[in-house]
Amino acid sequence: SQQGEEDPQALSIQEGENATMNCSYKTSINNLQWYRQNSGRGLVHLILIRSNEREKHSGRLRVTLDTSKKSSSLLITASRAADTASYFCATGRRGSTLGRLYFGRGTQLTVWP
Amino acid sequence: DVKVTQSSRYLVKRTGEKVFLECVQDMDHENMFWYRQDPGLGLRLIYFSYDVKMKEKGDIPEGYSVSREKKERFSLILESASTNQTSMYLCASSSPQLTGGHEQFFGPGTRLTVL
């Protein structure tokens, strides 16, 4: 069963603009992760934020987590055409010790040159 | 770097055939996963394994089985392939020893077409 739901389903922007994607989830979590998938390829882990953290940065990525609202956002600053990909959020549920993650359906980001 | 490899990038099989999809990881990860990915449905977990010879059903195990005889290898078996199993299959591995967050490392995927 899906845990996360990304919003929007699709996002189209120009190079240099910022891209913001949102993720909502339903149950208590240990952590929330964001992954990227280039067309027809496997997923690549981008960033992990734990349930006791509110914000995390990695290069041009900024992730926020609001556990009271059960939501997260991924901000990509100064987007490039190479950022074109699908982005998925995944949650590790509290109480789960087997490493299972629950993925959303993804946001398709298109960055135009 | 962690490397997860899958035996084929593209595979075409006939209805009723027995199909084996192989996944190998080289980082001694305890956990391994098989997902299928279909447009609009995201990633759906078929089976996962947290140790050799151990397996757990995911959300859509029907029509599939798995085998994990060695720690580095996790096989997905379609006992009798059907056209509704045409999909992208993704293998992943993870370890709780890394960051404690179970981040998953994915293979490149196998695009299976069943005719």
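Higher on the page you've got the structure.
These figures come from a predicted structure and were not determined experimentally.

I'd like to hear about the interface of chain B and chain A, residue by residue, with values.
With 29 residues of chain B at the interface, the matching set in chain A holds 22 residues. Where chain B abuts chain A, roughly 1900 Å² becomes buried across the two surfaces, and 51% of that area is made up of carbon and sulfur atoms. At the surface where chain B touches chain A, the tally comes to one salt bridge. The salt bridge partner of arginine 100 of chain A is aspartate 59 of chain B, with a shortest N-O separation of 2.6 Å.

Requested: an account of unusual backbone geometry, with residues and values cited.
The residue after aspartate 7 of chain A, namely proline 8 of chain A, is reached through a cis peptide bond having omega 0°. Looking at where proline 8 of chain A falls in the secondary structure, it is placed in the loop between strand 1 (5–7) and strand 2 (10–14). Of note, the phi angle at lysine 53 of chain B is positive, near 65°, even though the residue is not glycine. Of note, lysine 53 of chain B is situated in the loop between strand 5 (42–51) and strand 6 (54–57).

So what about the sheet that holds strand 8 (residues 71–76) of chain A? Which residues, and what values?
Each strand in a sheet pairs with another by means of backbone hydrogen bonds, the pair being arranged parallel or else antiparallel. All names here are of chain A. On the basis of which strands lie adjacent, the open sheet formed by five strands has the order 1-3-8-7-6 and antiparallel pairing. Two strands in the sheet have a free side with no partner beyond their single neighbour: strand 1 and strand 6 (55–58). When the angles between neighbouring strand axes are averaged without regard to direction, this sheet yields 20°.

Which residues make up the pattern of salt bridges, and what are the values?
Residues and elements named next belong to chain B. Applying the stated criterion across every chain, the model contains 11 salt bridges over all chains. With a closest N to O distance of 3.2 Å, aspartate 28 and lysine 71 form a salt bridge. Note that aspartate 28 is positioned in the loop between strand 3 (19–25) and strand 4 (31–38) and lysine 71 in the loop between strand 7 (64–70) and strand 8 (73–78), a separation of 43 residues in sequence. Residue classification places aspartate 28 among the exposed residues on the basis of a relative accessible area of 52%. A relative accessible area of 25% places lysine 71 in the partly exposed class.

Tell me what's going on with the state of the cysteines, and back it up with residues and numbers.
Under the definition given, this model contains two disulfides over all chains. Linked covalently through their sulfurs, cysteine 23 of chain A and cysteine 89 of chain A form a disulfide whose S-S length is 2.0 Å. Disulfide cysteine 23 of chain A to cysteine 89 of chain A: torsion about the S-S bond roughly 65°, handedness right-handed. Of the two residues, cysteine 23 of chain A sits in strand 3 (residues 19–24) while cysteine 89 of chain A sits in strand 9 (residues 85–93), which places them 66 residues apart along the sequence. Assigned by exposure class, cysteine 23 of chain A and cysteine 89 of chain A land together as buried. Disulfide pairing places cysteine 23 of chain B opposite cysteine 91 of chain B at an S-S distance of 1.8 Å. Around the S-S axis, the bridge from cysteine 23 of chain B to cysteine 91 of chain B shows a dihedral of about -80° and counts as left-handed. Placement of cysteine 23 of chain B in strand 3 and of cysteine 91 of chain B in strand 9 (residues 87–94) is noted, with a sequence separation of 68 residues between them.

Kindly report on the environment of arginine 105 of chain A, identifying the contributing residues and their values.
As for its position among the elements, arginine 105 of chain A is in the loop between strand 10 (102–103) and strand 11 (107–112). Overall, arginine 105 of chain A belongs to the partly exposed group, its relative accessible area being 36%. Within the structure, arginine 105 of chain A has its side chain in polar contact with the backbone oxygen of glycine 40 of chain B (distance 3.1 Å).

Summarise the environment of valine 66 of chain B; cite the residues concerned and give the values.
Residue and element names in this part refer to chain B. The topology assignment puts valine 66 in strand 7. Judged by relative accessible area, which is 9%, valine 66 ranks as buried. In this structure, the C-alpha to C-alpha distance between valine 66 and serine 82, residues 16 residues apart in sequence, is 17 Å. Each residue touching valine 66, except ones within four places of it in the same chain, is listed here: Trp34, Tyr47, Lys55, Phe74, Ser75, Leu76 and Ile77.

Cut-offs applied
- Residues numbered from 1 in each chain as written.
- Chains lettered and ligands numbered in written order.
- Predicted model: local features only at pLDDT ≥ 70, side-chain atom pairs only at ≥ 80, totals over all residues.
- Heavy atoms only, no water.
- Contact = heavy atoms within 4.5 Å.
- Buried area = accessible area lost by both parts, 1.4 Å probe.
- Salt bridge = Lys/Arg side-chain N within 4 Å of Asp/Glu carboxyl O.
- Helix = DSSP H or I, 4+ residues; strand = E, 2+ residues; numbered from the N terminus.
- Pairing = 2+ DSSP bridges.
- Axes fitted to C-alpha atoms, helices over the stretch in contact; angles between N-to-C directions.
- Buried < 20%, exposed > 50% of the residue type's maximum accessible area, 1.4 Å probe, protein only.
- Disulfide = S-S within 2.5 Å.
- Polar contact = N/O pair within 3.5 Å; in protein donor to acceptor, adjacent residues only side chain to side chain.

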